[in-house]
Amino acid sequence: MSSTTTKELTVGLLIVSDTAAADHATDRAIDTLTAVIAEANAQIHNNSYEWLIEERRIIPDDKDKIQEKIKDWCDNKALSLIVTTGGTGFAKRDVTPEAVSEMLDKTASGLVHGMLASSLKITPFAIMSRPVAGVRGDTVIVTLPGSPKGAKENLESIIKLLPHACIQAAGGDSRVIHSGGMKQLEKEAGVASSGGVHDHHSHLYESGGLASDDAAGMTSGCGHHHHAPTPRTQQDGELRSNDLTGDVTQRHRSSPYPMVSVKEAHKLVAQKIPASEVVKKKVDAGLVGYILAEDVRAKESVPAFRASIVDGYAVVHTDGVGIYPVVGVSHAAPGEMKPLEAGQIARITTGAPLPPGATAVVMVEDTRIAKATEDGTEELEIEILASGLTELENVREVGSDMKTGDLLLRKGAEITAVGGEIGLLASVGIVEIEVYKKPVVGVLSTGDEIVPHDRDEALKVGEVRDSNRPTLLAAINARGYEAVDLGIAKDQPGTLEDVLKDALSKVDVIITTGGVSMGEKDLLKPTIERTFNGTIHFGRVAMKPGKPTTFATIPVGANASKPIFSLPGNPASATVTFHLFVLPALRQLAGYIGDDIHLAKALVVVEQDLVLDPRPEYHRAAIRIDKSGGLVARSTGGQRSSRIGSMEAANALLCLPGLSEVGDKRTRIPRGDKVEALIIGELKVSGF
Ligand SMILES: Nc1nc2c(c(=O)[nH]1)N[C@H]1C(S)=C(S)[C@@H](COP(=O)(O)OP(=O)(O)OC[C@H]3O[C@@H](n4cnc5c(N)ncnc54)[C@H](O)[C@@H]3O)O[C@H]1N2
Ligand code: MOO
Ligand SMILES: [Mg+2]
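As the structure is a prediction and not an experimental result, all values here were calculated from the model.

Rules of the game
- Residues numbered from 1 in each chain as written.
- Chains lettered and ligands numbered in written order.
- Predicted model: local features only at pLDDT ≥ 70, side-chain atom pairs only at ≥ 80, totals over all residues.
- Heavy atoms only, no water.
- Helix = DSSP H or I, 4+ residues; strand = E, 2+ residues; numbered from the N terminus.
- Polar contact = N/O pair within 3.5 Å; in protein donor to acceptor, adjacent residues only side chain to side chain.
- Contact = heavy atoms within 4.5 Å.
- Core = buried A, V, L, I, M, F, W, Y, C linked by side-chain atoms within 4.5 Å.
- Buried < 20%, exposed > 50% of the residue type's maximum accessible area, 1.4 Å probe, protein only.
- Expected span 1.5 Å × (residues − 1).
- 1 Å grid on protein atoms, 1.4 Å probe; cavity = no way out; pocket = protein on both sides within 12 Å on 5 of 7 lines; lining within 4 Å.
- Points joined across faces, edges and corners; volume = space filled by probe spheres on them.
- Nonpolar A, V, L, I, M, F, W, Y, C, P; charged D, E, K, R; others polar.
- Near = heavy atom within 4 Å.
- Areas by Shrake-Rupley, 256 points an atom, 1.4 Å probe, with all protein chains shown as cover.
- Donors = N, O, S within 2.8 Å, 3.2 Å for Na, K, Ca; no water.
- Pairing = 2+ DSSP bridges.
- Axes fitted to C-alpha atoms, helices over the stretch in contact; angles between N-to-C directions.
- Salt bridge = Lys/Arg side-chain N within 4 Å of Asp/Glu carboxyl O.
- Phe/Tyr/Trp six-rings, centres within 6.5 Å; stacked < 30°, edge-to-face > 60°.
- Lys NZ or Arg CZ within 6 Å of the ring centre and 35° of its normal.
- pLDDT = per-residue confidence, 0-100.

**Details of the side chain of Glu-383**
Assignment of secondary structure puts Glu-383 in strand β15 (residues 379-384). Among the polar contacts made by the side chain of Glu-383, one reaches the side chain of Arg-368 at a distance of 2.4 Å. Excluding residues within four positions of it along the chain, Glu-383 makes contact with Gly-322, Ile-323, Asp-366, Thr-367, Arg-368 and Ala-370.

**Re the nonpolar core**
Grouped together as the largest cluster of nonpolar side chains are 46 residues, with contacts concentrated most on Phe-565, Phe-578 and Tyr-618. Mapped onto this core, the elements with two or more residues apiece are α11 (262-272), β19 (441-446), α13 (468-478), β23 (509-513), β26 (561-567), α16 (571-589) and β31 (652-656). Here the element with the most residues in this core is α16; it accounts for ten residues. If we skip the residues at most four places from it in the chain, Phe-565 touches Val-269, Val-509, Ile-510, Ile-511, Thr-512, Thr-550, Phe-551, Phe-581, Val-582 and Ala-585. Core analysis: the next-biggest nonpolar cluster, separate from the first, contains 30 residues, Ala-133, Val-142, Leu-155 and Ile-159 among them.

**Examining helix α2 (residues 29-42)**
Along an α-helix, a turn takes 3.6 residues, which lines up residues three or four apart on a common side. Between its first and last C-alpha atoms α2 spans 20 Å; for 14 residues at 1.5 Å apiece the expected length is 20 Å, and the two agree. Taking burial as the measure, the 14 residues of α2 include 14 buried ones, the bulk of the element.

**Focus: empty space enclosed by the protein**
According to the stated counting rule, one finds four cavities of 30 Å³ or more in the structure shown. Counted as a void, the largest cavity has a volume near 100 Å³. Surrounding the largest cavity, 13 residues form its lining, Asn-242, His-252, Tyr-257, Ser-517 and Lys-525 being those nearest its centre. Its residues assigned to classes, the lining of the largest cavity comprises five nonpolar, six polar and two charged.

**Some thoughts on the site of ligand 1**
In the vicinity of ligand 1 lie 22 residues, with Glu-449, Asp-466, Val-516, Ser-517 and Gly-569 positioned nearest. In this structure, Ser-517 approaches ligand 1 through a main-chain N or O atom, which is 2.9 Å from an oxygen atom. Asp-522 is positioned with one of its side-chain polar atoms (N or O) 3.1 Å from an oxygen atom of ligand 1. Starting from 870 Å² of accessible surface for ligand 1 in isolation, the protein chains cover 71%. Where the shell around ligand 1 is concerned, the elements lending two or more residues are β21 (464-465) and α16.

**Focus on the site of ligand 2**
Around ligand 2 sit Pro-545, Gly-546, Lys-547, Pro-548, Asn-570, Ser-573, Arg-615 and Ser-641, and that is every residue in its neighbourhood. Within the backbone of Gly-546, a nitrogen or oxygen atom sits 2.4 Å from an oxygen atom of ligand 2. Class assignment for the residues of the shell around ligand 2 results in two nonpolar, four polar and two charged.

**Let's talk about the coordination of the magnesium ion (ligand 3)**
Taken together, Asp-522 (OD) and Asp-522 (OD) make up the full set of protein donors to the magnesium ion (ligand 3), lying 2.6 Å away. Position of Asp-522 relative to the elements: it lies in the loop between β23 and α15 (524-531).

**Considering the sheet that holds strand β13 (residues 360-363)**
Adjacent strands of a sheet pair through backbone hydrogen bonds, lying either parallel or antiparallel. Spatially, β13-β10-β12-β11-β15-β14 is the arrangement adopted by the six strands of the open sheet, whose pairing is mixed. Two strands bound the open sheet, and with one partner strand each, they are β13 and β14 (367-372). Neighbour-to-neighbour, the strand axes of the sheet open up by a mean angle of 40°, direction not taken into account. As defined by bridge partners, strand β11 (residues 322-330) adjoins β15 across four bridges and the pair is classed as antiparallel. Along β15, the bridge assignment pairs Tyr-324 with Ile-382.

**Observations concerning unusual backbone geometry**
In most cases, non-glycine residues show a negative phi, while peptide bonds are predominantly trans. The omega angle of the peptide bond from Val-302 to Pro-303 is -10°, so this bond is cis rather than trans. Along the chain, the position of Pro-303 falls in the loop between β8 (296-297) and β9 (307-308). Geometrically, the link from Lys-544 to Pro-545 is a cis peptide bond, its omega value of -5° lying close to zero. With respect to the secondary-structure elements, Pro-545 resides in the loop between β24 (535-538) and β25 (550-555).

**Regarding the pattern of salt bridges**
Overall, the coordinates contain 29 salt bridges when judged by the stated rule. Ionic pairing is found between Arg-455 and Glu-463, a salt bridge with its closest N-O pair at 2.7 Å. Across the salt bridge formed by Asp-502 and Lys-506, the nearest N and O atoms sit 2.9 Å from each other. Residue Asp-502 and its partner Lys-506 are both found in helix α14 (residues 493-506); the two are separated by four residues, about one turn of the helix. Take Asp-502: its relative accessible area is 38%, and that puts it in the partly exposed class. Through salt bridges with shared partners, a single network forms among Arg-455, Glu-457, Lys-460 and Glu-463.

**Some points on the sheet that holds β24**
Across the sheet, six strands lie side by side as β22-β19-β23-β26-β25-β24; this open sheet has mixed pairing. On the outer flanks of this sheet lie β22 (483-489) and β24, each paired with one strand and no other. Direction aside, the axes of adjacent strands within the sheet are offset by 20° on average. Pairing geometry for β24 and β25, over three bridges, is antiparallel. For Phe-538, the partnering residue across the bridge sits in β25 and is Phe-551. Here α13 sits on the sheet and contacts β19, β22, β23 and β26; the angle it forms with β22, its principal contact strand, is near 170°. Strands in contact with α16 are β19, β23 and β26; relative to β26, the strand with the most contacts, it is inclined by about 165°.

**Section: the layout of surface pockets**
Roughly 740 Å³ of volume is contained in the largest pocket. Ranked by residue count, the leading element in the lining of the largest pocket is α2, at four residues. Split into classes, the residues belonging to the lining of the largest pocket amount to six nonpolar, nine polar and twelve charged.

**Describing the packing of aromatic side chains**
Taken as a whole and assessed by the stated rule, the structure comprises four aromatic pairs. Between Phe-538 and Phe-551, the aromatic rings sit 5.7 Å apart at their centres with planes inclined by 40°, giving tilted as the arrangement. In this pair, Phe-538 sits in strand β24 while Phe-551 sits in strand β25, placing the two residues 13 residues apart along the sequence. What makes Phe-538 buried here is its relative accessible area of 3%. A network of ring pairs unites the aromatic residues Phe-538, Phe-551, Phe-565 and Phe-581 as a single cluster. When the ring centre of Tyr-481 is taken as reference, the NZ or CZ atom of Lys-438 above it lies at 5.6 Å.

**Re the confidence of the model for the protein chain**
Averaged over every residue, the pLDDT of the protein chain is 87; the share at 70 or more is 88%. Low confidence marks residues 176-221, where pLDDT is under 50. Its contacts with residues over four positions away, or in another chain, come to 108 contacts. Counted against residues more than four places away or in other chains, residues 223-236, with its pLDDT under 50, gives 51 contacts. Across the assembled chains, the prediction reports ipTM 0.98 with pTM 0.70.

**Re the pairing of β25**
Most of β25 is tucked away: five of the six residues are buried. Direction of pairing for β25 relative to β26: antiparallel, over a ladder of six bridges. Paired with Thr-550 across the strands is Ser-566, a residue of β26. Connecting β25 to the next strand, β26, in antiparallel fashion are five residues, including Gly-557 with a positive phi near 85°.

If you want it as structure tokens, here you go:
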């Protein structure tokens, strides 16, 4: 069943409200309904369909305007679903049901009853609502009340049944989506099973009894399969975050950010990272880690002269064995050289230029001294013992290692820490090359409780030493990127705004930690969206640790944007997600391409049983090369996200599948099994 392709069910949100139309900032319905729909997407464990919000409009209580939008969204855009809010009461200006009714081809009184029945369980005032529902063309239309709470409750009461309705309304075969799962669907939607008719249907929503966040079947990016909906990126004008100035009572009570898989998160990062810039750099030790932005050709030949490969005597190779006068000396040093004639030899050292006329070199081991000066300090005649010399024997011809114009390094080549590429460039006199600029990375800790790690004063209750900033600054530096310390920002919108504004002018990539989950002081997301007009590409990832990992881009000027990674505050979460998401992004910006962007992966044997978490887990471990050359992994112990100790001596992240991925088949990886490991540190050997 997971082989069916994902169908997108498009949605239009039509907010009918005089107040909200006059001041869009007062609207809460869009956020609320977006959250309901995101949650519905997050709970789909079968990739047969997903909701996609395509339209969002706020219009006044005006019958013509309502009908105009409905006409456009049904007849031109053929959306799957239109949800209106507002105008369903008894006030004079409440005209939504009338406007919608006139547009319907069919009514759907069942949906109306369903909504009213569930609302009446919550409040007797539901009786004051006049919802209508029906079909126009291919589109299902539902009217919800204007209060965000009422709208949310009504939509939640029917949303699990709407895919079925929408697909049928559009003339599709809804068996695809409800094949195998109608009973489950009915159970989840709180509707009694109608018996045998649906017996051949299979799962629409997977069972499993896990918390929705954790049960989302996601891939961990380590090659597990999954049934996740594709991520929804932010649409124009859609803001999911809490209101910055809002009260705690108004915050979201379930995350409005769809849970994306690690693989999808990587894809989004790769897509949204700005293009790499080209800069000129000197060829020196500072070039390590850069990627060439141009093909580089040899400016000179190596060797630049005919050079000896051995210490011995330069000869004319046709001369043969015999005793010859030593008429000159050539050391590996610049200088003029007297030409050599047949019947003469010249002493020569390794790397020294051959005298003009010499055609081969005989090793000193293949010679004997025949005559020395009287004081015994100098050679006069030497007997050559080697016979059958070939032309250029023991000689490096001009350009035999490399010729002027040869392609030395291709665009895209990495200047490695091994040093070979720098040597190559240096050998032919290249002093400057074009490379991709390495990003400068700013690191900011956030949180009222966070104090500098080196503050020389005991902690007061509630204070926490900042471990994320030194950790990340170190990791960034060690990977060869310039890191800028942005300090600690308090959980106040203004403070965060000032610090980020300053950072945007100084760095290419911003990393923040803390303040991205569900707390009322978790201000990163609303600040990015509302203050900086940024786009949050994902705000939740199906992984442990690191669930609230957030990635956004903030516009800076006309066509430019800068990436911001808002990592969870928990220290192990911040460190893991830095390696998993930020490092590849930095490498992409620095010009790495393809697989080179990502952490290296290997299969390792686990030395202990590892208990699986509902979420795909990145279990910190120390891996070693054992005597047989294989890789073995030892867990670093307690894996709680707050425990930075789980990163101590860790050089790998073991990719453990989430329980929701392996089904009920197993709850642990037994010792001796192999798992994939992402390598984040140096490999050690044991039993060398
Ligand atoms: N109702 C929910 N609560 C939480 C959820 C959730 O889904 N629903 N997610 C949990 C998960 S998972 C994580 S991870 C954390 C992430 O929290 P935030 O990113 O909002 O971070 P904070 O709340 O600011 O801090 C969390 C924790 O980490 C400590 N911290 C923060 N910064 C630092 C630092 N620089 N150095 C050391 N320690 C730091 C902070 O004091 C907190 O203890 O949210 C869960 N909650
Ligand atoms: O995802 Mo959080 O990072 O588990 O602690
Ligand atoms: Mg928090």
